[in-house]
Amino acid sequence: MITLGPAGLRVRITFNNEVIADTRDALVLEEPSYAPVYYLPRRDVKMERLIRTSHTSFCADKGQATYFTICNGQTARHAVWSYEAPLPPVAAIKERLAFYPEKVEIATSRD
């Protein structure tokens, strides 16, 4: 079963020594057998560092995901994903961005 709600944390995403995203408005999605995933609003992400790719995937619980590559002197291919039209149970993640923790640094804090 998927749970989704406000993270209640500050979430900072860093790649190649640059803060790519910084928000206090993240949602956290939790599902069995997976680590929690933070979904960040685009307004808190340096969108100029992201390039949309043609890669997609499908999740039976969330819908079709689209992907972005991060570019800032280095690249992290398909490091970011988004659900442009998520399924109704997770509609709140629409157009928010999630980052693969093995491709970026994700830091959370209560400040």
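Here's a quick rundown of the structure. For clarity, every value in this text was computed on a predicted model and none was experimentally measured. (Residues numbered from 1 in each chain as written. Predicted model: local features only at pLDDT ≥ 70, side-chain atom pairs only at ≥ 80, totals over all residues. Heavy atoms only, no water.)

### Examining the sheet that holds strand 6 (residues 50–59)
Right, on to step 1. As summarised here, the arrangement of the 4 strands in space is 6-7-8-9, forming an open sheet in which the pairing is antiparallel. Each edge of the open sheet is held by one strand with a lone partner, namely strand 6 and strand 9 (97–99). With direction set aside, neighbouring strand axes in the sheet form an average angle of 35°.
Right, on to step 2. Relative to strand 7 (residues 63–71), strand 6 is paired through 7 bridges, and the arrangement is antiparallel. Looking at strand 7, one finds that Thr 56 is bridged to Thr 66. (Pairing = 2+ DSSP bridges. Helix = DSSP H or I, 4+ residues; strand = E, 2+ residues; numbered from the N terminus. Axes fitted to C-alpha atoms, helices over the stretch in contact; angles between N-to-C directions.)

### A closer look at the side chain of Glu 18
Right, on to step 1. Following the sequence through the fold, Glu 18 ends up in strand 3 (residues 18–23).
Right, on to step 2. Within the structure, the side chain of Glu 18 is placed 2.8 Å from the side chain of Asn 72, a separation counted as a polar contact.
Right, on to step 3. In contact with Glu 18, not counting residues within four places along its chain, are Ile 13, Lys 46, Arg 49 and Asn 72. (Polar contact = N/O pair within 3.5 Å; in protein donor to acceptor, adjacent residues only side chain to side chain. Contact = heavy atoms within 4.5 Å.)

### Quick word on the pattern of salt bridges
Right, on to step 1. Throughout the structure, instances matching the rule amount to 9 salt bridges.
Right, on to step 2. As a salt-bridge pair, Asp 22 and Arg 12 come within 3.3 Å of each other at their nearest N and O atoms. You can see Asp 22 sitting in strand 3 and its partner Arg 12 sitting in strand 2 (residues 10–15), a full 10 residues away along the chain.
Right, on to step 3. Put simply, Glu 18 and Arg 49 hold a salt bridge, and the shortest N to O gap is 3.1 Å. Of this pair, Glu 18 sits in strand 3 while Arg 49 sits in the loop between strand 5 (37–39) and strand 6, and the two are 31 residues apart along the sequence.
Right, on to step 4. Overlapping salt bridges, with partners in common, bring together Arg 10, Arg 12 and Asp 22 in one network. (Salt bridge = Lys/Arg side-chain N within 4 Å of Asp/Glu carboxyl O.)

### Notes on the side chain of Thr 69
Right, on to step 1. Residue placement: Thr 69 occurs in strand 7.
Right, on to step 2. For Thr 69, the side chain forms a polar contact with the main-chain nitrogen of His 78, separated by 3.2 Å.
Right, on to step 3. In contact with Thr 69, not counting residues within four places along its chain, are Arg 49, Leu 50, Ile 51, Thr 53, Thr 75, Ala 76, Arg 77 and His 78.

### Here we look at the sheet that holds strand 10 (residues 105–109)
Right, on to step 1. Reading across from one edge, 3-2-10 is the order of the 3 strands in this open sheet, with antiparallel pairing throughout. In this open sheet, the two strands that pair with only one neighbour each are strand 3 and strand 10. Taken pair by pair, the neighbouring strands of this sheet meet at an average axis angle of 20°, ignoring direction.
Right, on to step 2. As paired strands, strand 2 and strand 10 are joined by 5 bridges and run antiparallel to one another. Counted as the bridge partner of Thr 14 is Glu 105 from strand 10.

### So, unusual backbone geometry
Right, on to step 1. A positive phi angle, close to 50°, is found at Asn 16, a residue other than glycine.
Right, on to step 2. Structurally, the position occupied by Asn 16 is in the loop between strand 2 and strand 3.
Right, on to step 3. Among the residues examined, Asn 16 registers a relative accessible area of 30% and is labelled partly exposed.
Right, on to step 4. A positive phi angle, near 50°, is found at His 78, a position not held by glycine.
Right, on to step 5. Of note, His 78 is situated in strand 8 (residues 75–82). (Buried < 20%, exposed > 50% of the residue type's maximum accessible area, 1.4 Å probe, protein only.)

These figures come from the coordinates and say nothing about function on their own.
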